[in-house]
Amino acid sequence: MNASFESALTEVAAVPGVRAVLLASEREGLALNAMAAFGVDGDALAAFGTALYRRARLASEAAGYGATRQIVLDATGGRMLVTGCGDLVLVVLAERETGAGMVRMAMQRAARAVR
Amino acid sequence: MNDDLVYDLADEMARDPHSLAFVRLADLLRRSGRSHEARHVAFAGLERHPYLADGHDVLARIMVDGGDEVSARDEWEMALRLEPTHAGALKGLGLLAYHRGDLPTAHRLLTQAAELDPSDQGLVTAAEQVRAQLGTALPPARRATPAPPPRDPVAARAPGSAPQDRPGGVHDPRTLFASLLGDGDRTALLLDSDGLVLAGTYVDASGVEVAEEIGAQLAGLADEAGRALTYLGLGAWESLLVETQHATVAMGPSREGSIVLVAAARDSQVGFVRRLLARASRQAAAWLESAA
């Protein structure tokens, strides 16, 4: 984990409305690094974020869409964003009202830093 | 934006009834599902410009949308008599030839049209599909992305699809979203809770209908999203957007556990795809309600 990635992760966490950001291995679904607000279950977020990403990646490949880059899942109680970084995934949990555009940009910077 | 353009063009026609803007106005009305008005505008324009190939082309499109292939063929043949290299007329006649099973003629006309207008992705795709069925060894035509089928209501009638329905009701569920999708590489499906296709169509680059396969793959993704949200206590899902190498795919829940799915070529803006999903969801909900 290099300093530029730590910095990028902090930048994602600093976006207003972001409640958690973590890096996890896609295969195992385990968090390698996490910044989460009180009450957020980082382990569960890592497990479900990676599972969703893996399912999306397989479905996209089967459908002929090629590699999966990012997922945004919107729900009444929040927003989950997942970006692939090689065999790792970056998972963010945010308030529903959080601007997806800001988070996406910060995530893309962080993903570039981790590669 | 289309409404504004329709208004501007109608205004131009009111100021100058001889304007050639009638062609664009008729086509916009057709694409908006306002076929009756489109037909009126096209007829009125052709009364003033009977030798305008584009006018006959747009009237043919209106005819074919209404299922009148005989009149459409007459109009396209007239357009070709007036302008032998009219790509739209060649394309239309090529697709009609395809539908009556005359593959050699379809191939000849579509290839000729594609050479005249290589920027028309739907046309290039249709030519490829017919070529594949003929089994010829012609060089492959240009193609940008592998996924969605041609979206022009005329081109959308290429292999595996069905005629556009009359305004006022969608009789063929495969055309439910045709009016929303426009000209770009976009597609939309309505899936039931098991991932089976209720409405919409999806033809891949080789001309094969793949809606069921795509539906099954992506509906499973919605199930995964639902599980994650339940466990994380994030409430009910509203939408899921997946950005991939070749496409942006968005899906959302509809009535009775069904799922609306839209896909657009990767160069489409994410915000646009979300708006497309919202519009498709409204249309799907209305259709499901009317079908109940």
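What counts, and where the lines are drawn
Residues numbered from 1 in each chain as written. Chains lettered and ligands numbered in written order. Predicted model: local features only at pLDDT ≥ 70, side-chain atom pairs only at ≥ 80, totals over all residues. Helix = DSSP H or I, 4+ residues; strand = E, 2+ residues; numbered from the N terminus. Buried ≥ 20, exposed ≤ 12 C-beta atoms within 10 Å, placed from the backbone. Contact = placed C-beta atoms within 7 Å. Core = buried A, V, L, I, M, F, W, Y, C linked by C-beta atoms within 7 Å. Pairing = 2+ DSSP bridges. pLDDT = per-residue confidence, 0-100. Nonpolar A, V, L, I, M, F, W, Y, C, P; charged D, E, K, R; others polar. Expected span 1.5 Å × (residues − 1). Axes fitted to C-alpha atoms, helices over the stretch in contact; angles between N-to-C directions. Parallel < 35°, antiparallel > 145°, perpendicular 65-115°, else oblique. Left-handed = near helix turned anticlockwise from the far one by under 90°.

### Quick notes on the overall build of chain A
Argument step 1. In terms of helices and strands, chain A carries 3 helices and 5 strands.
Argument step 2. For chain A, the sequential pattern of α-helices and β-strands runs α-β-β-α-β-β-β-α.
Argument step 3. Residues counted as buried form 46% of the 115 residues belonging to chain A.
Argument step 4. Counted over contacts in chain A with a minimum sequence separation of 6, partners at least 24 positions apart contribute 49%.

### Observations concerning the overall build of chain B
Argument step 1. The secondary structure content of chain B amounts to 11 helices and 5 strands.
Argument step 2. Expressed as a percentage of the 292 residues in chain B, the buried residues total 51%.
Argument step 3. Of all intrachain contacts in chain B linking residues separated by at least 6 positions in sequence, the fraction that spans at least 24 positions is 51%.

### A short note on the environment of Arg31(B)
Argument step 1. With respect to the secondary-structure elements, Arg31(B) resides in helix H2 (residues 21–31).
Argument step 2. Expressed as a C-alpha distance, the spacing of Arg31(B) and Leu180(B), which sit 149 residues apart in the sequence, is 8.5 Å.

### Considerations on the nonpolar core
Argument step 1. With 84 residues, the main nonpolar core has Ile71(A), Val92(A), Leu261(B) and Val262(B) as its most contacted residues.
Argument step 2. Of all the elements, helix H10 (residues 211–232) of chain B adds the most residues to this core, at 10 residues.
Argument step 3. Discounting residues that sit within four places of it in the chain, Ile71(A) has contacts with Leu52(A), Tyr53(A), Ala56(A), Leu81(A), Val82(A), Leu240(B), Leu241(B) and Val242(B).

### Some remarks on the pairing of strand E2 (residues 31–36) of chain A
Residue and element names in this part refer to chain A.
Argument step 1. Pairing of strand E1 (residues 18–25) with E2, which is carried by 5 bridges, proceeds in the antiparallel orientation. Its bridge partner lying in E2, valine 21 is registered against methionine 35.
Argument step 2. In textbook terms, the turn of a hairpin is the stretch between consecutive antiparallel strands, and for E1 and E2 this stretch comprises 5 residues, one of which, glycine 29, has a positive phi near 70 degrees.

### So, the confidence of the model for chain B
All names here are of chain B.
Argument step 1. Per-residue pLDDT for chain B averages 78, and the proportion of residues at 70 or more is 83%.
Argument step 2. Note on residues 136–170: pLDDT is under 50 here. Beyond four places in sequence and across chains, it has 107 contacts.
Argument step 3. In the predicted assembly, ipTM is 0.92 and pTM is 0.58.

### Side note on the interface of chain A and chain B
Argument step 1. Across the contact, 26 residues belong to chain A and 30 residues belong to chain B.
Argument step 2. When residues of the side of chain A that touches chain B are traced back to their parent elements, those giving at least two are helix H2 (42–62) and strand E3 (68–75) of chain A.
Argument step 3. A per-element tally of the side of chain A that touches chain B places H2(A) first, with 10 residues.
Argument step 4. Grouping the amino acids of the side of chain A that touches chain B by side-chain chemistry returns 15 nonpolar, 8 polar and 3 charged.
Argument step 5. Note that E3(A) and strand E3 (residues 237–244) of chain B share 7 bridges and pair antiparallel. When the sheet's bridge partners are listed, Thr68(A) is paired in E3(B) with Thr244(B).

### Describing helix H7 (residues 103–116) of chain B
Residue and element names in this part refer to chain B.
Argument step 1. Across its 14 residues, H7 extends 20 Å between first and last C-alpha, which sits within 8% of the 20 Å expected from 1.5 Å per residue.
Argument step 2. Taken together, the buried positions of H7 are Ala106, His107, Leu109, Leu110, Thr111, Ala113 and Ala114.
Argument step 3. Those residues of H7 hidden inside the fold are in contact with helix H6 (87–99) and helix H8 (121–134).

### Some remarks on the packing of helix H4 (residues 53–65) of chain B against H6(B)
Residues and elements named next belong to chain B.
Argument step 1. Remark: H4 packs on H6, axes separated minimally by 9 Å, with the N-to-C direction vectors making an angle of 30 degrees. Classified by the interaxial angle, the pair formed by H4 and H6 is roughly parallel. Classified by chirality, the crossing of H6 by H4 is left-handed. Side by side, H4 and H6 meet where Ala53, Asp57, Ala60, Arg61 and Val64 of the first sit next to Gly88, Ala89 and Gly92 of the second.
Argument step 2. Among the residues forming the contact of H4 with H6, the class breakdown is 4 nonpolar, 2 polar and 2 charged.

### Focus: unusual backbone geometry
Argument step 1. Phi is positive for Glu256(B), which is not a glycine, with a value near 55 degrees.
Argument step 2. Summarising the element assignment, Glu256(B) is placed in the loop between strand E4 (247–253) and strand E5 (259–265).

### So, the environment of Thr10(A)
Argument step 1. Inspection of the secondary structure puts Thr10(A) in helix H1 (residues 3–13).
Argument step 2. When the C-alpha positions of Thr10(A) and Val21(A) are compared, they lie 8.6 Å apart, and in sequence the two are 11 residues distant.

### Here's the deal with the sheet that holds E1(A)
Argument step 1. Read across the open sheet, the 10 strands follow the order E2(A)-E1(A)-E5(A)-E4(A)-E3(A)-E3(B)-E4(B)-E5(B)-E1(B)-E2(B); overall the sheet is antiparallel. If you trace the sheet from one side to the other, it starts and ends with E2 of chain A together with strand E2 (197–200) of chain B, each paired once. Within the sheet, the average angular offset between the axes of one strand and its neighbour, ignoring direction, is 15 degrees.
Argument step 2. Looking at chain direction, E4(B) and E5(B) are connected through 7 bridges and run antiparallel.

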